[in-house]
Amino acid sequence: MTTLAPTPATQRTAPALGGLNPTILRIELRRMLRNKRTVIFTFLLPVVFFLMFGPGQDYSDQRAGSGNLTAYIMVSMAVYGAMLATTSGGAMVSVERAAGWSRQLRLTPLQPVAYVALKMLVALTLGLGSVVSVYVAGALRGADLPASAWIATALIAWIGSLAFAAFGLFMGYLLPSENVMQVLGPVLAVLAFLGGLFVPLDQLSPVFQALAKLTPMYGLNTLVHAPIVGWSDAAAATLNLLAWSTVFVAGAAWRFRRDTARV
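Residues numbered from 1 in each chain as written. Predicted model: local features only at pLDDT ≥ 70, side-chain atom pairs only at ≥ 80, totals over all residues. Heavy atoms only, no water.

Enquirer: Describe in detail the overall build of the protein, supporting the description with residues and values.
Expert: If you tally the helices and strands in the protein, you get 11 helices and 2 strands. If you list the helices and strands of the protein from N to C, you get α-α-β-β-α-α-α-α-α-α-α-α-α. Counting across all 263 residues of the protein, residues that qualify as buried make up 46%. For the protein, the accessible surface area stands at approximately 13700 Å², while carbon and sulfur atoms represent 67% of it. (Helix = DSSP H or I, 4+ residues; strand = E, 2+ residues; numbered from the N terminus. Buried < 20%, exposed > 50% of the residue type's maximum accessible area, 1.4 Å probe, protein only. Areas by Shrake-Rupley, 256 points an atom, 1.4 Å probe, with all protein chains shown as cover.)

Enquirer: I'd love a proper account of the packing of helix α6 (residues 147-160) against helix α10 (residues 216-229), names of residues and values included.
Expert: Between α6 and α10, whose axes approach to 8 Å, the crossing angle comes to 170°. It follows that α6 is roughly antiparallel to α10 by the angle criterion. Between α6 and α10, the contacting residues are A149, A152, T153, I156, A157 and G160 on the first element and L220, L223, V224, P227 and I228 on the second. Of the residues in the contact of α6 with α10, the class split is 9 nonpolar, 2 polar and no charged. (Axes fitted to C-alpha atoms, helices over the stretch in contact; angles between N-to-C directions. Parallel < 35°, antiparallel > 145°, perpendicular 65-115°, else oblique. Contact = heavy atoms within 4.5 Å. Nonpolar A, V, L, I, M, F, W, Y, C, P; charged D, E, K, R; others polar.)

Enquirer: I'd like a description of the side chain of N221, backed by residues and values.
Expert: Here N221 lies in helix α10. Take N221: its relative accessible area is 5%, and that puts it in the buried class. Here G195 takes part through its backbone oxygen, which lies 2.9 Å from a polar atom of the side chain of N221. Dropping the residues within four chain positions of it, N221 is found in contact with G195, G196 and L197. (Polar contact = N/O pair within 3.5 Å; in protein donor to acceptor, adjacent residues only side chain to side chain.)

Structural data, given as structure tokens:
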């Protein structure tokens, strides 16, 4: 009687970068861009707001620091668009959880940390698209800035919006899927107003100015306009942005751990 030798167990190796790769990033971006609401709010709404309040007004050619008011409003709307884009990109995790997509992904080699990184990359990509669309409209409609300010403001608007990607991820884990965007839309509008994005802070009352410095939008709004009007408040703005980013990242990590612990 002969015995068969046991076959060696198949060795499974962890995928590089926890499973994060260009293919899954492309799939996620395609899923997001198929959502008409995402496209409208990410690429079209900020441009419409810029065209409504920027060029063609009596004040459009007035100087604001090293640029004109058209450029100042262009930067503000680019930040608003990037904030909408990155927040919605992160908050989509709520819809995916409700649809069971998150559970399906846990059956794949994609690691939890890579999944979070994937959401952040998708959000940043959408934010970049929003900034570029507004800046193209600004270049075509008379925005006047030094070349260095074009580059600096665009980079700050884009990279700084990463804080709101973490905010969207936090809210996506915190809020139910059927309410997440309905809640976040008005919340972001209020944060934009309080942070001085729609109305310059020096035109608000002292009470609102003091309140604005405690809001998440104040830091990013101040920093993104600093290449135009000066860096006098940059230290306080940087501290504000870093503090709120830490809060949002910690909140997203907390809710993520609780979510994965239930599975």
